[in-house]
Amino acid sequence: MNRILLCLLSLITLAGLAQGQSTDYAFAKLPAPKPGEAVATLAGGCFWALEEGMDQLKGVREVVSGYSGGSVKNPTYKQVGTDRTGHAESVQVYYDPKVISYAQLLDAFFAGHDPTTLNRQGPDVGRDYRSVAFYRTPAEKAEILAAIKRVNDSGHYSGKVVTEVVAFQAFYPAENYHQNYFALHPDQPYIQRVSLPKVEKLRKAMAGRLKNNTSLTMNR
């Protein structure tokens, strides 16, 4: 991506943050998993698109945007944005493994962002935007490695997957104004230009496993 375009999209991101943003800076609360539910934690660039995409899958009850992978407890969005906390923008997915498997969640995850760009997703640059799959068990780690192999073998991306495979330690929910941001701000420039294409890509890859198969196309 050339420097002029990168700067332009960065300005769009900043404008989007200022447009229509709620002033609710309190941290969201994590839901308690229901009996039989499983939890997955993933990072793939800006959490707005990943939250929306994962939430559209059958078997997913709730998705929370937040931060994981770093050392600072209860970080703010501003702190994470300095790239000094070690955290990546992440989502925590609460799902029914009888309806959607962990392997299928991973397929959606790898379809919904570019896992081959190191510390970058489009206009968003920094380790806080890195691609990470956090595992809770050895079985999940094996599933992640198998998913990465599937992606690499498919040749879908020109480069190789650089997603980090990391043992889960903690997930800190982001501020309330970040939750469900995509759905609440459909006309926001960043959502239109950056987030929407990611969600549409995920939906296309997961056709047949969506809660709603209606086209997601928004005004552009």
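Just so it is clear, the model here is predicted, and its values are computed rather than measured.

**A few points about the packing of helix H2 (residues 47-55) against helix H7 (residues 189-205)**
In a pair of packed helices, the angle between the axes and the distance between the axes together describe the arrangement.
1) Next: Direction vectors running N to C along H2 and H7 enclose 35°, while the axes themselves pass 9 Å from each other. Helix-helix and strand crossings are classified by hand; for H2 and H7 the assignment is right-handed. The residues of H7 that touch H2, namely those facing Trp48, Ala49, Glu52, Gly53 and Met54, are Tyr190, Ile191, Ser195, Lys198, Val199 and Leu202.
2) Next: Residue composition of the contact of H2 with H7, by class: seven nonpolar, two polar and two charged.

**What to know about unusual backbone geometry**
1) Next: One non-glycine residue, Asp83, lies in positive phi territory at about 65°.
2) Next: Residue placement: Asp83 occurs in the loop between helix H3 (77-81) and strand E3 (88-95).
3) Next: For Asp83, a relative accessible area of 34% puts it in the partly exposed group.
4) Next: Of note in the backbone geometry, Asn180 takes a positive phi value of approximately 60° without being a glycine.
5) Next: Among the structural elements, Asn180 can be located in the loop between strand E8 (171-173) and helix H6 (181-184).
6) Next: What makes Asn180 partly exposed here is its relative accessible area of 34%.

**Looking at the packing of helix H4 (residues 102-111) against H7**
1) Next: Closest axis-to-axis distance for the H4/H7 pair is 8 Å, and the angle between their directions is 140°. In terms of axis orientation, H4 runs oblique to H7. Here H4 and H7 pass one another in a crossing that is right-handed. Of the residues in H7, those touching H4 at Ala108, Phe110 and Ala111 are Lys201, Leu202 and Ala205.

**Comments concerning the confidence of the model for the protein chain**
When pLDDT is low, close inspection of the predicted coordinates is not appropriate.
1) Next: Looking at the protein chain as a whole, its pLDDT mean stands at 91, while 86% of the residues score no less than 70.
2) Next: Confidence drops under pLDDT 50 across residues 1-12; counting only partners more than four residues distant or on other chains, this segment forms 13 contacts.
3) Next: Counted against residues more than four places away or in other chains, residues 18-22, with its pLDDT under 50, gives nine contacts.

**Examining the side chain of His178**
1) Next: With respect to the element layout, His178 can be found in the loop between E8 and H6.
2) Next: On the basis of relative accessible area, His178 is assigned to the buried category, the value being 0%.
3) Next: Contacts of His178, omitting those with residues within four sequence positions, involve Phe47, Trp48, Glu51, Ser65, Tyr67 and Tyr77.

**So, the pairing of E3**
1) Next: By the criterion of burial, E3 is predominantly enclosed, with eight of the eight residues buried.
2) Next: Neither face of E3 is open: one carries Ala88, Ser90, Gln92 and Tyr94, the other Glu89, Val91, Val93 and Tyr95, and all of them are buried.
3) Next: Where strand E1 (residues 38-44) meets E3, five bridges bridge the pair, whose relative direction is antiparallel. Paired with Leu42 across the two strands is Val91, which belongs to E3.

Conventions used here
- Residues numbered from 1 in each chain as written.
- Predicted model: local features only at pLDDT ≥ 70, side-chain atom pairs only at ≥ 80, totals over all residues.
- Heavy atoms only, no water.
- Axes fitted to C-alpha atoms, helices over the stretch in contact; angles between N-to-C directions.
- Helix = DSSP H or I, 4+ residues; strand = E, 2+ residues; numbered from the N terminus.
- Left-handed = near helix turned anticlockwise from the far one by under 90°.
- Contact = heavy atoms within 4.5 Å.
- Nonpolar A, V, L, I, M, F, W, Y, C, P; charged D, E, K, R; others polar.
- Buried < 20%, exposed > 50% of the residue type's maximum accessible area, 1.4 Å probe, protein only.
- Parallel < 35°, antiparallel > 145°, perpendicular 65-115°, else oblique.
- pLDDT = per-residue confidence, 0-100.
- Pairing = 2+ DSSP bridges.

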